Amino acid sequence: MTIGDIAKLLDCEVLCCADRLDSEVHTACGSDMMSDVLAFVKDQAVLLTGLLNSQVVRTSEMMDIICIVFVRGKKPDESVVKLAGEKNISILSTSSRMFEACGILYENGLRGGS
Amino acid sequence: MSVLQLHYDVPGDDFTRAGEASSAIKNKLKQMGIAPDAIRNVAIATYEGEINMVIHANGGTIDVTIDADSVSLVLRDTGAGIPDVELAMREGYTTAKEEIRALGFGAGMGLPNMKKYTDEFELKSEVGKGTEVRMKVFLKK
Ligand SMILES: Nc1ncnc2c1ncn2[C@@H]1O[C@H](COP(=O)(O)OP(=O)(O)O)[C@@H](O)[C@H]1O
Ligand SMILES: [Mg+2]
């Protein structure tokens with residue numbers, strides 16, 4: 001699936017990097033603890049989170065995550081969106097909750113990866 | 001290949017900027033064409049170390065030396081130090097308060113992660129003086 005497919009499936013608002021909606025993604029992870037993302041994530045391309053600070057973007061950068069989905073209708077500050085733009089990380093916001101959002105993406109073929 | 005040395009100051013008073021040094025290091029390694037696996041290992045190690053310097057000390061410095069065989073990292077701070085290093089190295093051990101956990105950190109995985117993702121790891125700390133972490137990632141050919 002592509003980042004654009006995720007945006008459609010979760011009825012997302014695209015906050016940044018709309019020009020990268022064609023990028024293919026195969027794996028995802030969901031977490032509010034960046035420590036856990038750093039400890040357990042391997043090659044996941046998408047991060048679903050309810051945490052809104054700039055370290056979500058930095059953690060994603062370190063782990064080569066190319067798309068962040070903020071759940072529960074949350075939207076980060078402009079500074080966080082700008083930082084993501086500098087790193088070419090797409091930012092989506094969905095009104096779905098974490099469990100629901102992960103379920104919809106799983107049902108449509110996105111996996112947890114190794 | 002000649003030896004490249006980089007130095008970064010990590011400000012201790014700005015959580016939002018934590019990770020800037022790690023980002024710069026990662027980009028440098030990418031530009032140099034270092035293998036993605038090695039870059040990932042260095043990225044995790046420096047970022048966890050940088051976060052520790054910001055949340056547990058009052059900032060510090062990162063020195064990076066890149067040669068043909070390895071990336072060496074030295075992280076120094078003049079924070080409160082670690083009273084029991086063996087305990088601090090355990091997975092899940094943390095002294096982070098709830099406010100840090102609310103920011104997404106403080107799972108007690110940082111130091112174990114730094115050790116896990118590097119080929120050499122050495123931590124020296126003195127209470128009241130500060131902490132020094134030396135790490136090395138070998139570049140396989
Ligand atoms: N640079 C440092 N200065 C002082 N204490 C530190 C430093 N780094 C780590 N520590 C101590 O070691 C503990 C474990 O660190 P770590 O494994 O990174 O987990 P976390 O940062 O999630 O608490 C910390 O909670 C803290 O008490
Ligand atoms: Mg830590």
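Once a new chain begins, its residue numbering starts again from 1 and follows that chain's sequence as written. Going through the entries in the order they are written, you letter the chains from A and number the ligands from 1. Given that the model is predicted, a residue must reach a pLDDT of at least 70 before its local features are reported, and side-chain atom pairs must reach 80 or more before they are shown or counted; all residues, however, enter totals for whole chains, interfaces and linings. Each side-chain value is worked out from all heavy atoms of the structure, with water and hydrogens disregarded.

### Looking at the packing of aromatic side chains
Centre distance and the angle of the planes are the two values used to describe a pair of aromatic rings. Residue and element names in this part refer to chain B. In summary, the pairing rule links any two rings of Phe, Tyr or Trp, Trp by its six-membered ring, whose centres are within 6.5 Å, and it sorts them by plane angle into stacked for under 30 degrees, edge-to-face for over 60 and tilted for everything else. The tally for this structure, following the rule as stated, stands at two aromatic pairs over all chains. Between Phe 15 and Phe 105 the ring centres are 6.1 Å apart and the planes differ by 75°, which places this aromatic pair in the edge-to-face class. Of this pair, Phe 15 sits in the loop between β1 (4-11) and α1 (20-31) while Phe 105 sits in the loop between α4 (98-101) and α5 (110-116); the two residues are 90 residues apart in sequence, bridging distant segments of the chain. When sorted by exposure, Phe 15 lands in the same class as Phe 105, which is buried. Taken together, a centroid distance of 6.2 Å and an interplanar angle of 70° make the contact between Tyr 47 and Phe 105 edge-to-face. Of this pair, Tyr 47 sits in helix α2 (residues 36-55) while Phe 105 sits in the loop between α4 and α5, and the two are 58 residues apart along the sequence. Buried, partly exposed and exposed residues are distinguished by accessible area as a fraction of the type maximum, computed with a 1.4 Å probe on protein chains only: under 20%, between the cut-offs, and over 50%, respectively. The buried category is assigned to Phe 105, whose relative accessible area is 1%. Aromatic ring contacts, followed pair by pair, group Phe 15, Tyr 47 and Phe 105 into a single cluster. Per the convention used, a helix needs a DSSP run of H or I reaching at least four residues, while a strand needs a run of E reaching at least two, with both numbered from the N terminus.

### Here we look at the interface of chain A and chain B
Residue contacts are defined here by distance: any two heavy atoms, one from each residue, within 4.5 Å place the two residues in contact. Contacts between chain A and chain B engage 21 residues on the former and 27 residues on the latter. Simply put, the buried area is the total loss of 1.4 Å probe accessible area from both parts when two parts are fitted together. Together chain A and chain B conceal approximately 1,900 Å² of surface at their shared face, both sides included; 49% is due to carbon and sulfur atoms. Contact with chain B buries area across many residues of chain A, yet Leu 38, Gln 55 and Met 62 of chain A alone supply 32% of it, more than any other trio. In what follows, salt bridge is the name for a side-chain nitrogen of Lys or Arg lying within 4 Å of a carboxyl oxygen of Asp or Glu. Across the contact surface, chain A and chain B share four salt bridges. As used in this structure description, the phrase polar contact means that two N or O atoms lie within 3.5 Å; if the pair is within protein, one of them must be able to donate a hydrogen and the other to accept it, and residues adjacent in sequence are counted only when both atoms belong to side chains. Our count for the chain A to chain B interface comes out at 16 residue pairs in polar contact (both at pLDDT 80 or more). Secondary structure elements with two or more residues in the side of chain A that touches chain B: α2 (34-40) and α3 (54-62) of chain A. Taken together, the residues that form the side of chain A that touches chain B break down as eight nonpolar, five polar and eight charged. Side-chain classes follow a simple rule in which Ala, Val, Leu, Ile, Met, Phe, Trp, Tyr, Cys and Pro form the nonpolar group, Asp, Glu, Lys and Arg form the charged group, and the remainder, Gly included, forms the polar group.

### Description of the packing of α3 of chain A against α1 of chain B
Geometry is summarised by axes, namely lines fitted to C-alpha atoms with helices restricted to the contacting stretch, and by angles between N-to-C directions that run from 0 to 180 degrees. At a minimum axis separation of 10 Å, α3 of chain A and α1 of chain B run at an interaxial angle of 25°. By the angle class used here, α3 of chain A and α1 of chain B are roughly parallel. Along this stretch, α3 of chain A crosses α1 of chain B, giving a crossing that reads as left-handed. On the side of α3 of chain A, the interface is formed by Arg 58, Glu 61 and Met 62 of chain A, while α1 of chain B contributes Glu 20, Ser 22, Ser 23, Lys 26 and Asn 27 of chain B. Looking at the contact of α3 of chain A with α1 of chain B residue by residue, the classes come out as one nonpolar, three polar and four charged. To sort the angles, those under 35 degrees are grouped as roughly parallel, those over 145 as roughly antiparallel, those from 65 to 115 as roughly perpendicular, and the leftovers as oblique. It is the rotation of the near helix from the far one that decides the hand of a crossing: anticlockwise by less than a right angle makes it left-handed, clockwise makes it right-handed.

### Details of the sheet that holds β1 of chain B
Residues and elements named next belong to chain B. Strand pairing is assigned whenever DSSP detects at least two bridges linking the two strands. One open sheet accounts for five strands, arranged β1-β2-β3-β5-β4; its pairing is antiparallel. Each having just a single partner strand, β1 and β4 (120-126) make up the two edges of the open sheet. With strand direction ignored, the average angle separating the axes of adjacent strands in the sheet is 10°. Bridge count for strand β3 (residues 70-77) against strand β5 (residues 130-138) is eight bridges, and the pairing is antiparallel. Across the sheet, the residue bridging to Ser 70 is Phe 138, located in β5. Most of the contacts of α1 go to β1, to which it runs at about 160°, and overall it touches β1, β2 (59-66) and β3.

### A look at the site of ligand 1
All names here are of chain B. One heavy atom within 4 Å of a molecule or strand is enough for the residue carrying it to be called near that molecule or strand. Around ligand 1 sit 17 residues in total, of which His 56, Thr 94, Thr 95, Gly 108 and Leu 111 are the nearest. Separating an oxygen atom of ligand 1 from a side-chain N or O atom of His 56 is a distance of 2.8 Å. Between Thr 95 and ligand 1, the recorded distance is 2.6 Å, taken from a side-chain N or O atom to an oxygen atom. All accessible-area figures derive from a Shrake-Rupley calculation using a 1.4 Å probe, and residue coverage is judged against the displayed protein chains alone. Notes on ligand 1: free accessible area 530 Å², of which the protein chains cover 94%. The cavity that encloses ligand 1 is the largest pocket. In the cavity and pocket records, a cavity denotes points on a 1 Å grid over the protein atoms alone where a 1.4 Å probe fits but cannot get out, a pocket denotes an open set with protein on both sides within 12 Å along at least 5 of 7 lines, and lining residues are residues with an atom within 4 Å of a point. Think of it this way: if more than half of a molecule's atoms are within 2 Å of a pocket's grid points, that molecule is in the pocket or cavity.

### As for the pairing of β3 of chain B
Residues and elements named next belong to chain B. Extensive coverage of β3 is indicated by the burial of seven of its eight residues. Of the strand pairs in this sheet, β2 and β3 are connected by seven bridges, and their pairing is antiparallel. Looking at β3, one finds that Gly 60 is bridged to Asp 77. The antiparallel hairpin formed by β2 and β3 contains three residues in its connecting segment.

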